Amino acid sequence: MTLAVMLAVISGMFLPEGIRAADKRNVKVAFFPMDGYHIKEGEQYDGMDVRYLNELCGYVDWKVEYVECTSWDEALKLLADKQVDLVGSAQFSEERCRVFSCFLLNNVNK
């Protein structure tokens, strides 16, 4: 379910065609340590979220830039402050749905 929600939001499938990026887009992704999902070995990023985004980039014209942070909470703060575009491995909660759905809707055309 997490991957489906992530894909729907980041692919822009609910956005009108006129506001989708026509050119290569740089997408900043919060990257925090999370076993199996976010792994960094030397300068290489890996893990399920990284591999998923690599696959997604085969369908959309994105260049992913990882923004390192220390925790899920810091990642959400970066998102709220518009320093990143995406936080992976989102765990659903009603509160997050209210906060970030409103955040997305209010910031789509900005």
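Just so you know, these numbers come straight off a predicted model, no measurement behind them. (Residues numbered from 1 in each chain as written. Predicted model: local features only at pLDDT ≥ 70, side-chain atom pairs only at ≥ 80, totals over all residues. Heavy atoms only, no water.)

This part takes up helix 2 (residues 48–56). Along helix 2, the residues classified as buried are Asp49, Val50, Tyr52, Leu53 and Leu56. Buried residues in helix 2, looked at end-on, bunch into an arc of 160 degrees, giving them a common side. Those residues of helix 2 that are exposed and angled more than 90 degrees off the buried face are Arg51 and Glu55. (Buried < 20%, exposed > 50% of the residue type's maximum accessible area, 1.4 Å probe, protein only. Helix = DSSP H or I, 4+ residues; strand = E, 2+ residues; numbered from the N terminus. Arc of directions from axis to C-beta.)

With that out of the way, let us pick up helix 3 (residues 72–80). Of the residues making up helix 3, those classed as buried are Trp72, Ala75, Leu76, Leu78 and Leu79. Each buried residue of helix 3 lies within a common arc of 155 degrees when the element is viewed along its axis, so the set occupies one face. In helix 3, the exposed residues that point more than 90 degrees away from the buried face are Asp73 and Lys77. Remark: Lys82 follows helix 3 within two positions and exhibits a positive phi of approximately 60 degrees.

Further remarks concern the environment of Lys40. With respect to the helices and strands, Lys40 occurs in strand 2 (residues 39–41). Classification of Lys40 by relative accessible area gives partly exposed; the value is 32%. On a C-alpha basis, the gap between Lys40 and Glu68 in space is 9.9 Å, while along the polypeptide they are 28 residues apart.

Bridge count for strand 1 (residues 25–31) against strand 4 (residues 62–68) is seven bridges, and the pairing is parallel. Note that in strand 4 the partner of Val27 across the bridge is Val64. Relative to strand 5 (residues 86–87), strand 1 is paired through two bridges, and the arrangement is parallel. Each bridged residue has a counterpart across the sheet, and for Val29 the counterpart in strand 5 is Leu86. (Pairing = 2+ DSSP bridges.)

Core analysis: the biggest nonpolar cluster contains 11 residues, these being Val27, Val29, Phe31, Val50, Tyr52, Leu53, Leu56, Trp62, Val64, Tyr66 and Leu86. Of all the elements in the fold, those that place two or more residues in this core are strand 1, helix 2 and strand 4. It is helix 2 that contributes the most residues to this core, four residues altogether. (Core = buried A, V, L, I, M, F, W, Y, C linked by side-chain atoms within 4.5 Å.)

A separate point is the pattern of salt bridges. Summed over the entire model, instances satisfying the criterion amount to five salt bridges. Close ionic contact of Asp61 with Lys24 constitutes a salt bridge, the shortest N to O distance being 3.3 Å. Of the two residues, Asp61 is situated in the loop between helix 2 and strand 4 and Lys24 in the loop between helix 1 (2–11) and strand 1; the sequence distance between them amounts to 37 residues. (Salt bridge = Lys/Arg side-chain N within 4 Å of Asp/Glu carboxyl O.)

This brings us to the side chain of Asp49. Within the secondary structure, Asp49 sits in helix 2. No salt bridge forms around the buried Asp49; measuring N to O, its nearest opposite-charge neighbour Arg51 is 10 Å away. Among residues more than four places away in sequence, those in contact with Asp49 are Tyr37, His38, Gly88 and Ser89. (Lys, Arg positive; Asp, Glu negative; His and termini not counted. Contact = heavy atoms within 4.5 Å.)

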